[in-house]
Amino acid sequence: MNITLLAGAREGRIPLPPSKSIAHRKIILSALAPLGGEVRLWSISNDIRATIDLVESLGGSISIKQFNQIHHIKISPLPKKIPAPVRIHVDESATTMRIALILAPALADHVIFTAGEQLRTRPMDEGIRFLKEHGVEVKGPWPMETSGRLTFTDAQITAKTTGQFVTGALLASLTQRRPVTVAAKNPPSAPYIRMTARMMEEAGVNIEENNGIYTIHPGDITHIDPVVEGDYSHAAYAIVANAMGSKISLTNLPAHSLQGDKQILEHIKKIKAHKPVDLTHTPDLLMALAVLATKTGATFTGIRRLRTKESDRIAATSAMLRELGINTKTTDDSLTVAPGQITSGTVDSCGDHRIAFAAALVATAATGPITVVGAEAVDKSWPGFYESFAALKIIEDQ
């Protein structure tokens, strides 16, 4: 599907989708709670649907009812005995897959994973290595099949490409019924590991942290707050648009948040001060910030992991900007954007939701219309995005 967006700064209000990171974790924590739980979302993206399907594949019962445009997702606890084999399809959700790769073998003796075409190319080696180190047999690559129950007391995970396997181990520790330590070697996206630990603590788990090593004591989850705040990684596009002249207000975005991508505001300050921006722990902000950099120029580092996302995001972002008249330079781990005027043109989303969002952002600062090829990629994380964007008014006097 192709969509053409008119050029011009925007004004109006956008209701943000719920934070994917928080929603994934709350759904799984609810399923691990003795009494289950409830999660309330105003929209359900393809990725969140994959985590709902994960819980159902593991034997949890989920009912979804809508009241006042809010989806009330009621989740029953997972059964104590799960018949083998368990078949789990994660679609294109890397977060669901990586958490499930560690969690599901801790619950079931035989698990078969399938995934969408894009996800099958993304790295899973660190999670597979962890399972094998703890006696779980893994066959694959796809379908990926695990045999044997995962048990551990001292977990060390190499985490050079993602912190999501560490999150999986933290959640899987709740199945062990004994004190467990979890440590990550060279963890990227450290704020999201801390998010998992903090959410477990808020749910009633006794968890301690010391220099990046987490000790989880046995005990039950006692409470899940059903409310999920807005997503900072999605808000980033509107925040940057505002920094470039738009006047977009955002709903459900707290000033204080566990989300690592709230760092967007600090990164914007660095760009305006002509300082390099290290995105080691917040790489998904590159696409939005690269558009802002067309005003002043900027260099972004710590982004190597973006090479293996839904697309090669370094290459795709560079190609988007160059197509629209902006000079860029890339290395394996960096992107430099030269200042310039964004022109009219066509952006290929490369099947990547964040490139599609960035295409809408450039339309707010371009000299002419922007056509987005593969615009449906946004459904992965923000269904209804284009309807919300279309409801914004173009500021005519700029």
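Residues numbered from 1 in each chain as written. Predicted model: local features only at pLDDT ≥ 70, side-chain atom pairs only at ≥ 80, totals over all residues. Heavy atoms only, no water.

Here we look at the packing of helix 1 (residues 20-32) against helix 6 (residues 190-202)
Formally: To define axes, lines are fitted to C-alpha atoms, for helices over the stretch in contact only, and angles between the resulting N-to-C directions are given on a 0 to 180 degree scale. Only DSSP runs of H or I covering at least 4 residues are called helices, and only runs of E covering at least 2 are called strands; the numbering of each starts at the N terminus. An angle below 35 degrees is read as roughly parallel, one above 145 as roughly antiparallel, one from 65 to 115 as roughly perpendicular, and any other as oblique. Each helix crossing is assigned a hand: it is left-handed if the near helix lies turned anticlockwise from the far helix by less than a right angle, otherwise right-handed if that turn is clockwise. Throughout, a contact is declared for two residues whenever any of their heavy atoms are within 4.5 Å. Gly is placed with the polar residues, together with every amino acid not listed as nonpolar (Ala, Val, Leu, Ile, Met, Phe, Trp, Tyr, Cys and Pro) or charged (Asp, Glu, Lys and Arg).
Running from amino to carboxyl end, helix 1 crosses helix 6 at an angle of 40 degrees, the nearest separation of the two axes being 11 Å. By the angle between their directions, the pair helix 1 and helix 6 is classed as oblique. When the axes of helix 1 and helix 6 are compared, the crossing they make is right-handed. In this structure, helix 1 contributes Ser 21, Ile 22, Arg 25, Lys 26 and Leu 29 to the contact, and helix 6 contributes Tyr 192, Met 195, Thr 196, Met 199 and Met 200. Among the residues making up the contact of helix 1 with helix 6, the classes are represented as six nonpolar, two polar and two charged.

Re the pattern of salt bridges
Pairing between side chains of opposite charge can happen when the charged atoms of each approach one another. Quick reminder of the rule: Here a salt bridge means any side-chain nitrogen of Lys or Arg lying within 4 Å of a carboxyl oxygen belonging to Asp or Glu. Each residue gets one of three labels from its accessible area relative to the maximum for its type: buried under 20%, exposed over 50%, partly exposed in between, using a 1.4 Å probe on protein chains only.
Summed over all chains, the structure comprises 19 salt bridges. Residue Arg 40 pairs with Glu 38 through a salt bridge whose shortest N-O separation is 2.9 Å. The class for Arg 40 is partly exposed, based on a relative accessible area of 35%. Its relative accessible area of 17% is what places Glu 38 among the buried residues.

Brief notes about helix 6
Applicable threshold: What a helix is expected to span follows from its residue count: subtract one and scale by 1.5 Å.
Between its first and last C-alpha atoms helix 6 spans 18 Å; for 13 residues at 1.5 Å apiece the expected length is 18 Å, and the two agree. Buried within helix 6 we find Ala 190, Pro 191, Tyr 192, Ile 193, Met 195, Thr 196, Ala 197, Met 199 and Met 200. Buried residues belonging to helix 6 abut helix 1, helix 5 (164-172), strand 11 (180-185), strand 12 (207-210) and strand 13 (213-216). Of the residues one or two after helix 6, Gly 204 is the one with positive phi, at around 105 degrees.

A short note on the nonpolar core
This is how the line gets drawn: Among buried residues, those of type Ala, Val, Leu, Ile, Met, Phe, Trp, Tyr and Cys that are joined through side-chain atoms within 4.5 Å constitute a nonpolar core.
Grouped together as the largest cluster of nonpolar side chains are 74 residues, with contacts concentrated most on Leu 58, Ile 88, Phe 113, Val 182, Met 200, Ile 216 and Ile 221. For Met 200, the contacting residues outside a window of four places in its chain are Leu 29, Leu 170, Leu 171, Ser 173, Leu 174, Val 205, Ile 207 and Ile 216. Of all hydrophobic cores here, the second largest spans 62 residues; its members include Leu 5, Ile 303, Leu 306 and Val 362.

A look at the sheet that holds strand 12
Going by this rule: For two strands to pair, DSSP has to find at least two bridges joining them.
Read from one edge of the open sheet, four strands run 10-11-13-12, paired in mixed fashion. Here the strands that pair on one side only, and so sit at the sheet edges, are strand 10 (154-158) and strand 12. Strand-to-strand twist across the sheet, computed as the mean angle between neighbouring axes with direction ignored, equals 20 degrees. Relative to strand 13, strand 12 is paired through four bridges, and the arrangement is antiparallel. Each residue of the ladder has a partner; that of Glu 208, found in strand 13, is Thr 215. Relative to the sheet, helix 5 contacts strand 10, strand 11, strand 12 and strand 13, its axis offset from that of strand 11 by approximately 180 degrees.

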